[in-house]
Amino acid sequence: MIQRAIRFLVFALLLFSHQALSSQNQDRKTGGSALEAYFVKTEYSQEAGVLGFNVISISNPTGKPIKIKPELVVPDGWAVFSTAITDTTVPPNDSIMIPFRIRIPGQADSDEKHELILNVFSAASELLLQAKCYVQPVSYHNWRLVIPQRRVYFYPRLNLAEFDVIIENNGNTHELVSLDVQPDYKVRIGNASDWETGQQY
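Residues numbered from 1 in each chain as written. Predicted model: local features only at pLDDT ≥ 70, side-chain atom pairs only at ≥ 80, totals over all residues. Heavy atoms only, no water.

Caption draft 1: A look at the sheet that holds strand β2 (residues 43-46). Spatial strand order, β2-β9-β8-β4-β6: five strands in an open sheet with mixed pairing. With one partner strand each, in any of the chains shown, β2 and β6 (88-90) form the two edges of the open sheet. On average, adjacent strands in this sheet sit at an angle of 35 degrees to one another, irrespective of strand direction. In this sheet, strand β8 (residues 114-122) lies alongside strand β4 (residues 66-73) in antiparallel orientation, the contact comprising six bridges. Paired with Lys69 across the two strands is Phe121, which belongs to β8. (Pairing = 2+ DSSP bridges. Helix = DSSP H or I, 4+ residues; strand = E, 2+ residues; numbered from the N terminus. Axes fitted to C-alpha atoms, helices over the stretch in contact; angles between N-to-C directions.)

Here is the structure:
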């Protein structure tokens, strides 16, 4: 009888220790809050100028309702469209879904992933937890070449004439370009090292 009581006591202590350790891990993960949040799409690609769609899930595993103030932080120039990102209450042992649409500007750099941050505040404006997702803009190419619209003249006693060739990169990705200039047989283009170049795209 005493052995059974001791075994039961040891089992109860082990179970309590496991629950306490799990609770501590959860608190560290959510910054002291029992709430949990995540983006349904944690990483995805999107075209510039097109509305993209994502959903935020916030769950409350406790037995009490929790009032929250969600906030979605996006890069400068990005537009968010949602009527669900507002003060609300997460019911006990339940979750809520917050859908939103987002439009990224045409000049958003496609060479890097851009971060979206969800901040969840309490009714007292205390930060409870954060969640993140990443958006990779789809690359597109849009070049514009501007050459002299008028003739280029060589003036007397000068064997050199200068003119501008403008290359504009209106896309959203950095690119390396090469120029293949084929002059008339009486004209020679100077060395590339002598050219005055602007910004490299």
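Structure shown, so let's carry the discussion forward.
Caption draft 2: Region of interest: the pairing of strand β9 (residues 127-137). Where β2 meets β9, four bridges bridge the pair, whose relative direction is parallel. Residue Glu43 lies in a different strand from β9, and its bridge partner there is Tyr134. Inspection of the sheet shows β8 paired to β9 by eight bridges, in the antiparallel sense. Following the sheet pairing, Ile117 is matched in β9 by Lys132. Connecting β8 to the next strand, β9, in antiparallel fashion are four residues, including Ser125 with a positive phi near 65 degrees.

Caption draft 3: Representation of the packing of aromatic side chains. By the definition in use, this model includes one aromatic pair. Plain terms: the ring middles of Phe39 and Phe100 are 6.2 Å apart, the flat faces sit at 80 degrees to each other, and that makes the pair edge-to-face. With Phe39 in strand β1 (residues 36-39) and Phe100 in strand β7 (residues 94-103), this pair connects stretches of sequence that are 61 residues apart. One exposure class covers both Phe39 and Phe100, and it is buried. The ring of Tyr44 has Lys41 sitting right over it, with the charged end atom 4.3 Å from the ring centre. (Phe/Tyr/Trp six-rings, centres within 6.5 Å; stacked < 30°, edge-to-face > 60°. Buried < 20%, exposed > 50% of the residue type's maximum accessible area, 1.4 Å probe, protein only. Lys NZ or Arg CZ within 6 Å of the ring centre and 35° of its normal.)

Caption draft 4: Layout of the sheet that holds β1. Strand order in the open sheet formed by four strands is β1-β3-β7-β5, and the pairing between neighbours is antiparallel. Since the sheet does not close on itself, it has two edges, and those belong to β1 and β5 (79-81), each with one partner. Looking at each pair of strands side by side, their axes are set apart by 25 degrees on average, direction ignored. The pairing of strand β3 (residues 52-60) with β7 spans nine bridges and is antiparallel. Bridged to Asn54 within β7 is Phe100.

Caption draft 5: Up close: unusual backbone geometry. One non-glycine residue, Asn93, adopts positive backbone phi at about 55 degrees. The residue Asn93 is located in the loop between β6 and β7 in this model. Assessed through its relative accessible area of 58%, Asn93 is described here as exposed.

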